[in-house]
Amino acid sequence: MSFDRAVKIAPSILSADFANFGAEIDAIEAQGADWVHVDVMDGHFVPNLTFGPPAVKAFRKHVKTVMDVHLMIAPVDPYIDAFAEAGADILTAHIEAGPHIHRTLQAIRGAGMKAGVALNPGTPAEAVSDLLDLTDLICVMTVNPGFGGQKFIDMTTKIKKLRAMIADRPVHIEIDGGVDPQTAPAVVRAGADVLVAGSAVFRGGSVEHPEVYGQNIRAIRDAAQGVYV
C-alpha cells in the first residue's frame, strides 16, 4: 500500500446483502470503492456479532483494492495472526479493547499488516499521542460502535486535534459512522482522508443494479472533494 492523502471511500460490507457478499464486493469495487471495510464484532466488546477470520478469508478472494478490517472485539491479540492469514491489509483495534494497545499495534505490524487504532466517541484524541509512530491509521468513531445506520456524532474538533498531532507522519485519519454527502465535507475539512460508509453506499442498490452504488459513492466523494487542506 502506498500512502497518500487523497479522499478514499471505504464501503462497509456490514450494509451489503449477507447472502451475496462476493458479488457485492465485486460491485462496489467496480463502481469506484477505494477500500473495502469489514466490521468484525464479537457480541462482547459491542452488542452485535458479525464476522470471524474464515469469513474475512472468503471476502479476500474478491477484494482487489484494500481490505480494511476493523476489530470491535476484546481481547484482540489472540486473533491477530488469524486475521493476517485471512488476508487483512489493515487491522484496526480499539484503544478501549485492552490494556496493552502498544503491544497490540506492534503485533499487528509484526504480522505484516498496517496497524490501525480506533477511538470511541468518548475517547479523547490525546489517548493516542504516544502511539503515532506505531500507527498507520486512526479510526475516529462518529457513532457508538456496534450497529450500522446510526446518527452521526460530530467529532470535528477531535479530528482537527489528531490532524495537528499527526503532522507529517504517514497516518490516515478514517471516519466511521454516519458518513454521507451531508457529513463528509466537514470531516474531510477537519483532516480526515478515509470515509467509511455503509448504508449511504448500499441504500437503493443491489448487485442487479450496481450503478446505484456508483452514484452513492460519487455523491460522497463529490461532496468531500476539494475541501481537504
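Here goes a summary of the coordinates provided. (Residues numbered from 1 in each chain as written. Predicted model: local features only at pLDDT ≥ 70, side-chain atom pairs only at ≥ 80, totals over all residues. Heavy atoms only, no water.)

Across its full length, the protein chain carries 8 helices and 8 strands. Radius of gyration (C-alpha) of the protein chain: 16 Å, near the 17 Å computed for a compact globule of 229 residues. Expressed as lengths along the three principal axes of its C-alpha atoms, the size of the protein chain is roughly 45 × 40 × 35 Å. The proportion of buried residues among the 229 residues of the protein chain is 53%. The contacts of the protein chain with a sequence gap of at least 6 include a subset with a gap of at least 24, amounting to 67%. When the accessible area of the protein chain is evaluated, it comes to approximately 9500 Å², of which 53% is carbon and sulfur surface. (Helix = DSSP H or I, 4+ residues; strand = E, 2+ residues; numbered from the N terminus. Rg over C-alpha atoms; globule rule 2.2 N^0.38 Å. Buried < 20%, exposed > 50% of the residue type's maximum accessible area, 1.4 Å probe, protein only. Contact = heavy atoms within 4.5 Å. Areas by Shrake-Rupley, 256 points an atom, 1.4 Å probe, with all protein chains shown as cover.)

Scanning the model with the defined rule gives 7 salt bridges in all. Asp136 is paired through a salt bridge with Arg109; the nearest N and O atoms lie 3.1 Å apart. With a gap of 27 residues between them, Asp136 in the loop between β5 (114-119) and β6 (137-141) and Arg109 in helix α4 (residues 101-110) connect regions that are remote in the sequence. Taking relative accessible area as the criterion, Arg109 reaches 32% and is therefore assigned partly exposed. (Salt bridge = Lys/Arg side-chain N within 4 Å of Asp/Glu carboxyl O.)

Following Ala74, the chain continues to Pro75 via a peptide bond in cis, the omega torsion being 0 degrees. Of note, Pro75 is situated in the loop between β3 (66-72) and α3 (80-86).

This next bit is on the environment of Pro78. Relative to the helices and strands, Pro78 resides in the loop between β3 and α3. Along the chain, Pro78 and Asp154 lie 76 residues apart, while their C-alpha atoms are 33 Å from each other.

Read across the open sheet, the 8 strands follow the order β1-β8-β7-β6-β5-β4-β3-β2; overall the sheet is parallel. Every interior strand has two partners, whereas the edge strands, β1 (8-11) and β2 (35-41), have only one. Sheet twist, expressed as the mean angle between neighbouring strand axes with direction ignored, is 25 degrees. In this sheet, strand β4 (residues 90-94) lies alongside β3 in parallel orientation, the contact comprising 4 bridges. (Pairing = 2+ DSSP bridges. Axes fitted to C-alpha atoms, helices over the stretch in contact; angles between N-to-C directions.)

This part is about the pairing of β2. For β2, the buried fraction is high: 7 of the 7 residues fall into the buried class. Burial along β2 is two-sided: Trp35, His37, Asp39 and Met41 facing one way and Val36, Val38 and Val40 facing the other are all buried. Across 7 bridges, the pairing between β2 and β3 is parallel. Directly across from Val36, in β3, lies its bridge partner Met67. Tracing the backbone out of β2, into helix α2 (residues 53-60) and back to the parallel element β3 gives a crossover that is right-handed. (Right-handed = clockwise from strand over helix to strand, strands pointing away.)

A few words now on the side chain of Ser12. When you line up the elements, Ser12 lands in the loop between β1 and α1 (21-30). If near-sequence neighbours (up to four positions away) are discounted, Ser12 is found in contact with His37, Asp39, Val196, Ala197, Gly198 and Phe202.

A word on the side chain of Asp136. Overall, the relative accessible area of 13% leaves Asp136 in the buried class. Polar side-chain contacts of Asp136 include one of 3.1 Å to the side chain of Arg109. Filtering out sequence-adjacent residues up to four positions away, Asp136 remains in contact with Arg109, Lys114, Ala115, Pro170, Val171 and His172. (Polar contact = N/O pair within 3.5 Å; in protein donor to acceptor, adjacent residues only side chain to side chain.)

Below, the discussion takes up helix α8 (residues 211-224). For α8, spanning 14 residues, the distance from its first C-alpha to its last is 20 Å, which sits close to the expected 20 Å at 1.5 Å a residue. For α8, the set of buried residues is Val212, Tyr213, Gly214, Asn216, Ile217, Ile220, Arg221 and Ala224. In this structure, the buried residues of α8 make contact with β1, α1, α6 (184-190), β8 (194-197) and α7 (199-202). (Expected span 1.5 Å × (residues − 1).)

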